[in-house]
Amino acid sequence: MSRIGVRPITIPAGVEVSVEDGNIVKVKGPKGELAQKVSAKMNVKIEDGVLSVERPDDGRENRSQHGLARTLINNMIEGVTKGYERKLVMVGVGYTASKQGNTLVMKLGYSHPIELVDPEGITTETPDATTIIVKGIDKALVGNYAANIRAWRAPEPYKGKGVLYDGEVVHKKEGKTGA
């Protein structure tokens, strides 16, 4: 049995969950609305404010989809109630970030500034020159956009410079020694 898939999800007050044809789960809450298609084999039930996901049998594919379907639905419910955020920290001399409207402008040591327009459903904040906060209700979009920002200057192991996730530790390597 899936340890994650069998757990019921309590639907909080102010959140509406509906299952439409084709197993499309729609979640509407105070922060917005999300929709996700789950496997057609999964049976999504809503009874008395509790959502549960059941699988038809113990086949390999059904077992793998069971926990995934439950986690996707739980992430949507959490996203429309609390939202998600990812914090990035820039380490390096001259590495800065600023906001101009809905455009994130970063100076990362290239000959030109990098300008990224916030995708729909995602907002970025720059509380100071070296911190970027990515916020949104879709966990996958927030994580993907943060990864795209980080990819412009990934942390390097010799000086520890780059765009890091908050709390990320870069293990420094020893450089070449003169012989």
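Everything below is about the structure shown above.
Predicted, not measured: the structure shown is a model, and the values here were computed from it. (Residues numbered from 1 in each chain as written. Predicted model: local features only at pLDDT ≥ 70, side-chain atom pairs only at ≥ 80, totals over all residues. Heavy atoms only, no water.)

Enquirer: Could you give an account of the overall build of the protein chain, naming the residues involved and the relevant values?
Expert: Secondary structure summary: the protein chain contains 2 helices and 13 strands in total. Over its C-alpha trace the protein chain gives a radius of gyration of 21 Å, far above what one expects of a compact globule, namely 16 Å for 179 residues. Its C-alpha atoms put the protein chain at 65 × 45 × 25 Å along the principal axes. A total of 179 residues make up the protein chain; the buried ones form 34% of that total. (Helix = DSSP H or I, 4+ residues; strand = E, 2+ residues; numbered from the N terminus. Rg over C-alpha atoms; globule rule 2.2 N^0.38 Å. Buried < 20%, exposed > 50% of the residue type's maximum accessible area, 1.4 Å probe, protein only.)

Enquirer: Just give me the short version of unusual backbone geometry, but keep the residues and values in it.
Expert: One non-glycine residue with positive phi stands out, namely Asn23, at about 60°. For Asn23, the position within the fold is in the loop between strand E2 (16-20) and strand E3 (24-29). Note on Asn23: relative accessible area 12%, which makes it buried. Non-glycine residue Asp48 carries a positive phi angle of around 55°. Structurally, Asp48 can be placed in the loop between strand E5 (43-47) and strand E6 (50-54).

Enquirer: Can you explain the packing of aromatic side chains? Please cite residues and give values.
Expert: A ring pair, where both rings are aromatic, is described by two values, the distance of the centres and the angle of the planes. Tallying each qualifying case throughout the model produces 1 aromatic pair. For the ring pair Tyr110 and Trp152, a centre distance of 6.3 Å and an interplane angle of 80° mean the geometry is edge-to-face. With a gap of 42 residues between them, Tyr110 in the loop between strand E9 (103-107) and strand E10 (114-117) and Trp152 in the loop between helix H2 (139-151) and strand E13 (162-165) connect regions that are remote in the sequence. Above the ring of Tyr165, the side-chain terminus of Arg86 is found at 4.2 Å from the ring centroid. (Phe/Tyr/Trp six-rings, centres within 6.5 Å; stacked < 30°, edge-to-face > 60°. Lys NZ or Arg CZ within 6 Å of the ring centre and 35° of its normal.)

Enquirer: Would you mind going over the sheet that holds E6 in detail, with residue names and values included?
Expert: Two orientations exist for strands paired in a sheet by backbone hydrogen bonds: parallel and antiparallel. Strand order in this open sheet of 3 strands is E1-E6-E5, and the pairing throughout is antiparallel. The open sheet has two free edges, formed respectively by strand E1 (9-10) and E5, since each of these has just one partner strand. Strands E1, E5 and E6 of the sheet are contacted by helix H1 (residues 60-81), whose axis makes an angle of about 155° with E6. (Pairing = 2+ DSSP bridges. Contact = heavy atoms within 4.5 Å. Axes fitted to C-alpha atoms, helices over the stretch in contact; angles between N-to-C directions.)

Enquirer: How would you sum up H1? Please name residues and give values.
Expert: In a regular helix each residue adds 1.5 Å, so 22 residues correspond to 32 Å; H1 covers 33 Å between its end C-alpha atoms and thus fits that length. Within H1 the residues assigned to the buried category are Asn62, His66, Gly67, Ala69, Arg70, Ile73, Asn75, Met76, Ile77, Gly79 and Val80. (Expected span 1.5 Å × (residues − 1).)

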